[in-house]
Amino acid sequence: MSISANIAAFLAGAPHAVVGASRDPAKIGHLVVQTYLQHERPVYPVNPVAKEIAGLKAYPDLASLPEAVYGVSVITPPHVTELVVEQAGALGIKHLWLQPGAESAQAVRRAKELGMNVISGGPCILVVLGYRERRGT
């Protein structure tokens, strides 16, 4: 499958989770959550310590989400991404988007072994969906 086809497949369903979501509005993990919200896509922030992110209840891990998710955007260090892949696989999640900097060869290889649609090595969801920065108040 081409990268465009992988992206289309990732975006074809809902809801999504953002593992590595951040409370800090300047961090990519926060901007990815905001991008989903700006495009009216249901999203669950996942962060092991935050209670709320971007006005949404945050969850400590994928297993704690209130419903099954279609796909996961991952914004974590590569060694954490490898654990996220295993957790997603155990939950039957089939679509992963490893944001630039989150991927490792091991994570990508394992996700493919688990039959997942994996996006890695380039495109960022902020660019693909089009994050809109809020200016002024």
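All of the points below concern the structure found in this document.

What counts, and where the lines are drawn
- Residues numbered from 1 in each chain as written.
- Predicted model: local features only at pLDDT ≥ 70, side-chain atom pairs only at ≥ 80, totals over all residues.
- Heavy atoms only, no water.
- Helix = DSSP H or I, 4+ residues; strand = E, 2+ residues; numbered from the N terminus.
- Rg over C-alpha atoms; globule rule 2.2 N^0.38 Å.
- Buried < 20%, exposed > 50% of the residue type's maximum accessible area, 1.4 Å probe, protein only.
- Contact = heavy atoms within 4.5 Å.
- Areas by Shrake-Rupley, 256 points an atom, 1.4 Å probe, with all protein chains shown as cover.
- 1 Å grid on protein atoms, 1.4 Å probe; cavity = no way out; pocket = protein on both sides within 12 Å on 5 of 7 lines; lining within 4 Å.
- Points joined across faces, edges and corners; volume = space filled by probe spheres on them.
- Nonpolar A, V, L, I, M, F, W, Y, C, P; charged D, E, K, R; others polar.
- Polar contact = N/O pair within 3.5 Å; in protein donor to acceptor, adjacent residues only side chain to side chain.
- Phe/Tyr/Trp six-rings, centres within 6.5 Å; stacked < 30°, edge-to-face > 60°.

Across its full length, the protein carries five helices and seven strands. Counted from the first residue to the last, the protein has its helices and strands arranged as α-β-α-β-β-β-β-α-β-α-β-α. Compactness check: the protein gives a C-alpha radius of gyration of 14 Å against a globular reference of 14 Å for 137 residues, within 12% of the reference. Across its three principal directions, the C-alpha atoms of the protein cover 45 × 30 × 25 Å. Here the protein, with 137 residues, has 46% of them falling under the buried criterion. Taking as baseline every contact in the protein between residues at least 6 positions apart, the subset at least 24 positions apart corresponds to 63%. When the accessible surface of the protein is totalled, it reaches about 6,900 Å², and 54% of it is carbon and sulfur.

Turning to the layout of surface pockets, a few remarks are in order. The space that makes up the largest pocket amounts to roughly 170 Å³. Lining the largest pocket we find 15 residues, and of these Val19, Gly20, Pro48, Thr76 and Val80 sit closest to its centre. For the lining of the largest pocket, the leading source of residues is helix α3 (residues 78–90), giving four residues. A per-class count over the lining of the largest pocket returns 10 nonpolar, four polar and one charged.

To continue, consider the side chain of threonine 76. Inspection of the secondary structure puts threonine 76 in the loop between β5 (71–74) and α3. With a relative accessible area of 11%, threonine 76 lands in the buried category. A polar contact is formed between the side chain of threonine 76 and the side chain of threonine 81, at a distance of 2.7 Å. Discounting chain neighbours no more than four positions away, the residues touching threonine 76 are Val19, Gly20, Thr81, Gly101 and Ala102.

The geometry of an aromatic ring pair is captured by two quantities: the separation of the ring centres and the angle between the planes. For the structure shown, the criterion picks out two aromatic pairs. Here the aromatic rings of phenylalanine 10 and tryptophan 97 are separated by 5.3 Å at their centres, their planes lie at 90 degrees, and the arrangement is edge-to-face. Here phenylalanine 10 is found in helix α1 (residues 3–11), whereas its partner tryptophan 97 is found in strand β6 (residues 95–98), with 87 residues between them in sequence. Under the relative-accessibility criterion, tryptophan 97 is labelled buried at 0%. Between the aromatic rings of tyrosine 44 and tyrosine 59, the centroid separation amounts to 5.8 Å while the plane-to-plane angle is 80 degrees, which identifies the pairing as edge-to-face. Placement of the pair is tyrosine 44 in strand β2 (residues 43–46) and tyrosine 59 in the loop between β4 (56–57) and β5, with a sequence separation of 15 residues. When sorted by exposure, tyrosine 44 lands in the same class as tyrosine 59, which is buried.

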